[in-house]
Amino acid sequence: MKRIIWSCLLCTMIFIRPAFPAKMCLKQESNPTCTITQQGDADTIITCGSTTFHFVQACSSSSGSNGEIKDSLEPIWPGGNYCWIKMISPKTTNWLYISYMIGGCVSVGPCSRALYLILHNNISSGNLYQTLMQILNGSNPIPSQTFNLGGSGGVN
């Protein structure tokens with residue numbers, strides 16, 4: 001009888017997810033210098049001090065609003081007017097809404113450029129690290145913007 005009870009407890013511990021989320025342990029840095037770079041059309045890398053944050057972008061027909069977070073998006077590019085980002089390192093997050101593209105997305109490149117512009121123009125260098133830590137911890141503090149692709153295919 002004891003063997004059956006222990007077996008049931010072990011199975012329960014293996015198959016039931018813990019009630020608390022996993023926490024990331026990162027060295028807290030004060031006033032690190034941050035650099036933003038783009039790799040290809042869909043990747044944005046932000047390095048703050050010794051920590052590197054890697055984001056991917058997606059253009060979707062799933063609408064969004066300032067600060068919105070979604071578990072999944074459908075459909076993802078091609079088509080759609082809404083840009084979403086997802087941190088994939090040092091931790092994978094949900095999709096975060098960042099911008100509306102007037103004229104639609106012809107690729108994910110404009111979404112990547114939008115992320116760069118929003119971070120570069122709206123968040124001071126000193127606050128960028130704190131913003132990234134908030135994203136890491138499950139919020140979306142990025143101020144959304146509307147961009148006009150115009151006829152050039154770039155973000156204005």
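Below you will find a few notes about this structure. (Residues numbered from 1 in each chain as written. Predicted model: local features only at pLDDT ≥ 70, side-chain atom pairs only at ≥ 80, totals over all residues. Heavy atoms only, no water.)

### Considering the state of the cysteines
The cut-off we apply is this: Cysteine sulfurs are considered disulfide-paired once they come within 2.5 Å of each other. A run of H or I in DSSP becomes a helix once it reaches four residues, and a run of E becomes a strand once it reaches two; helices and strands are each numbered from the N terminus. Classification of residues uses two cut-offs on accessible area relative to the type maximum, computed with a 1.4 Å probe and protein chains only: under 20% is buried, over 50% is exposed, and between them is partly exposed.
What the rule picks out here adds up to 3 disulfides. Here Cys34 connects covalently by a disulfide to Cys48, the sulfurs 2.1 Å from one another. Across the disulfide from Cys34 to Cys48, rotation about the S-S bond amounts to roughly 115°, and the bridge is consequently right-handed. Taken as a pair, Cys34 in strand β1 (residues 34-39) and Cys48 in strand β2 (residues 43-48) lie far apart in primary sequence, 14 residues in all. Here Cys34 falls in the buried class, since its relative accessible area comes to 14%. Should the bonded cysteines of the protein be numbered as they appear in the sequence, the pairing reads 1-2, 3-5, 4-6.

### Quick look at the nonpolar core
Put simply, the test is: Only buried Ala, Val, Leu, Ile, Met, Phe, Trp, Tyr and Cys residues count toward a nonpolar core, and they belong to the same one when joined by side-chain atoms within 4.5 Å. The criterion used for residue contact is that any of the two residues' heavy atoms lie within 4.5 Å.
Counting residues in hydrophobic clusters, the biggest one holds 30 residues, and the most contacted among them are Ile46, Phe53 and Phe55. At the level of elements, β1, β2, β3 (51-60), β5 (82-89), β6 (95-102), α2 (109-122) and α3 (125-136) are the ones that each hand at least two residues to this core. Here the element with the most residues in this core is α2; it accounts for 7 residues. In this structure, Phe55 is in contact with Ala42, Asp43, Thr44, Ile46, Ile85, Lys86, Met87, Leu115, Leu132 and Ile135, ignoring residues within four places of it in sequence. Ranked by size, the runner-up nonpolar core spans 7 residues in total, among them Val56, Ala58, Leu73 and Tyr97.

### Points about the packing of aromatic side chains
Rules: Whether two aromatic rings pair depends on their centres lying within 6.5 Å, for rings of Phe, Tyr and Trp, where Trp uses its six-membered ring; planes under 30 degrees apart make the pair stacked, over 60 edge-to-face, and the rest tilted.
By the definition in use, this model includes 4 aromatic pairs. Look at Phe53 and Tyr129: their rings are 6.4 Å apart centre to centre, the planes differ by 70°, and that puts the pair in the edge-to-face class. Linking Phe53 in strand β3 with Tyr129 in helix α3, this pair joins segments that are 76 residues apart in sequence. Each member of the pair, Phe53 together with Tyr129, is buried.

### A look at the pairing of β3
For clarity, the cut-off: Strand pairing requires that DSSP identify at least two bridges connecting the strands.
Judged by how many residues are buried, β3 sits mostly within the fold: 9 of 10 residues are covered. Alignment of β2 against β3, held across 6 bridges, turns out to be antiparallel. Bridge assignment links Ile46 to a residue of β3, and that residue is Phe53. Adjacent in sequence and paired antiparallel, β2 and β3 are bridged by 2 residues, among which Gly49 carries a positive phi angle near 60°. Examined bridge by bridge, β3 and β5 share 7 bridges and lie antiparallel to one another. Considered in β5, the bridge of Ser60 is made with Tyr82.

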